[in-house]
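# Notes for the structure review
Here is how the chains run, residue by residue.
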Amino acid sequence: MRLVPRWVLLSSGCAPVLLIGGWTGAALFEGPAYDPVTETISALGAYGASGFWVMTAAFLALGACHLLTAWGLRTAATAGRLALGGGGLAALAVALLPAPTSGGSLRHGTVVAVGFTLLAVWPVLAVRGGATAPWALRLAPSIVVTVLMAAGGAWFLVEMHRHGNAGVAERVVTFVQSVWPFVVAASCPHHSEAPAERTAGPG
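None of these values were measured; they are calculated from a predicted model.

Scoring rules and cut-offs
Residues numbered from 1 in each chain as written. Predicted model: local features only at pLDDT ≥ 70, side-chain atom pairs only at ≥ 80, totals over all residues. Heavy atoms only, no water. Helix = DSSP H or I, 4+ residues; strand = E, 2+ residues; numbered from the N terminus. Buried < 20%, exposed > 50% of the residue type's maximum accessible area, 1.4 Å probe, protein only. Axes fitted to C-alpha atoms, helices over the stretch in contact; angles between N-to-C directions. Parallel < 35°, antiparallel > 145°, perpendicular 65-115°, else oblique. Left-handed = near helix turned anticlockwise from the far one by under 90°. Contact = heavy atoms within 4.5 Å. Nonpolar A, V, L, I, M, F, W, Y, C, P; charged D, E, K, R; others polar.

### Here's the deal with unusual backbone geometry
Unusually for a residue other than glycine, His163 sits at a positive phi of about 55°. By the secondary structure assignment, His163 is in the loop between helix H5 (139-161) and helix H6 (166-187). Residue classification places His163 among the exposed positions, given a relative accessible area of 73%.

Pasting the structure below:
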């Protein structure tokens, strides 16, 4: 079992903090006109939004965190690491292709859907078999997390269709997706990548 560098804990742990900080800070710039219960996160990063730059910076930082985590998470299967990295690229694309101030955007919606799908399936794709695998990379917990993410995505679509609490649903599922890489990294054995110092023997 390959060890995971300790800096992966930092890159994965920063992801949910940056995401929550981004939507919280951007909402403060919007003021009471923005309703986080019913309005989406994408609205905060839309062109013309008061907190556009805050949410855009958060998306960019989130994408970078996922890419770094995917790179360093050597214990996970390659397919899962690629899916996590793809989710990071999707976050960068969301920042570069923001939603319009009003109406929908096919490009933005497509990028969001692709990013959600990759982040939902990466736990299953990252599975390492065997009793010696870190618990978060075993099949059972990975399936549970993927099912929960899929259920959260379905909940979000239902709330969007009925013009309900889409903001709450989106925040719940995106939080789970942003925090799971940290859970996986924390379950893995770690090492510092600094070279070991040689100790001189007696002369």
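### A short note on the packing of helix H2 (residues 52-72) against helix H3 (residues 78-96)
Orientation of H2 relative to H3, taken along the N-to-C sense of each, is 165°, at an axis distance of 8 Å. It follows from the interaxial angle that H2 and H3 lie roughly antiparallel. Seen along the crossing, H2 lies across H3 with a hand that is left-handed. From H2, Thr56, Phe59, Leu60, Leu62, Gly63, Ala64, His66, Leu67, Thr69, Ala70, Trp71 and Gly72 reach across to H3, where they touch Arg81, Leu84, Gly85, Gly88, Leu89, Ala91, Leu92, Val94 and Ala95. For the contact of H2 with H3, a count of residues per class yields 13 nonpolar, 7 polar and 1 charged.

### Digging into the side chain of Thr146
Its place among the elements puts Thr146 in helix H5. Every residue in contact with Thr146, bar those within four places of it in the chain, is listed here: Ala120, Val121, Pro123 and Val124.

### Here we look at the environment of Gly115
With respect to the helices and strands, Gly115 occurs in helix H4 (residues 106-125). You can call Gly115 buried: its relative accessible area is 8%. Separated by 25 residues in sequence, Gly115 and Ala90 place their C-alpha atoms 4.9 Å apart. Sequence-distant contacts of Gly115, defined by excluding residues within four places in its chain, comprise Gly87 and Ala90.

Remember that the coordinates give geometry; whether it matters functionally is a separate question.
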